[in-house]
Amino acid sequence: GEPKYGTGTVVTLRKNSRSVDHMFPGDMAVVIRSGHLPVVTASKGAKRYELLPFGSNKTVVVEERFLKKGIDKRK
């Protein structure tokens, strides 16, 4: 199916997710690319996204099930 979050969408990690490189639950990030990485886990919400956390210069890869839509306070 289509990715739930498109490129440029602001997202945050869910509270029940584990911390990822330089990103903790509640931190905001922007989706750089979605749908280009292969699925490696056989579970619901296993699509992988490449994210760029705010204030960081390194991207991280997170599965869809650990994300939720963030509130974009820039608008």
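Here, every reference points to the structure presented above.
Attention here is on the structure that accompanies the text. On a predicted model such as this, the values are computed, not experimentally measured, just so you know. (Residues numbered from 1 in each chain as written. Predicted model: local features only at pLDDT ≥ 70, side-chain atom pairs only at ≥ 80, totals over all residues. Heavy atoms only, no water.)

Brief notes about the overall build of the protein chain
The number of helices and strands found in the protein chain is zero helices and five strands. Rg of the C-alpha trace for the protein chain: 11 Å, near the compact-globule value of 11 Å for 75 residues, within the 12% margin. The principal-axis extent of the C-alpha atoms belonging to the protein chain is close to 35 × 25 × 20 Å. In the protein chain, which comprises 75 residues, the proportion classed as buried is 32%. Of all intrachain contacts in the protein chain linking residues separated by at least 6 positions in sequence, the fraction that spans at least 24 positions is 47%. As displayed, the protein chain has an accessible area near 5,100 Å², and 51% of this comes from carbon and sulfur atoms. Averaging the coordinates of the 15 positive side-chain charges in the protein chain and doing the same for the 7 negative ones gives two points 5 Å apart. (Helix = DSSP H or I, 4+ residues; strand = E, 2+ residues; numbered from the N terminus. Rg over C-alpha atoms; globule rule 2.2 N^0.38 Å. Buried < 20%, exposed > 50% of the residue type's maximum accessible area, 1.4 Å probe, protein only. Contact = heavy atoms within 4.5 Å. Areas by Shrake-Rupley, 256 points an atom, 1.4 Å probe, with all protein chains shown as cover. Lys, Arg positive; Asp, Glu negative; His and termini not counted. Charge placed at Lys NZ, Arg CZ, Asp CG, Glu CD.)

Quick notes on the nonpolar core
Burial of nonpolar side chains together is a common tendency in soluble globular proteins. Formed by Tyr 5, Val 11, Leu 13, Met 23, Ala 29, Val 31, Tyr 49, Leu 51, Val 60, Val 62, Phe 66 and Leu 67, the largest nonpolar core amounts to 12 residues. Counting only elements with at least two residues in this core, the list comes to β1 (10-13), β2 (28-34), β3 (48-53) and β4 (60-63). (Core = buried A, V, L, I, M, F, W, Y, C linked by side-chain atoms within 4.5 Å.)

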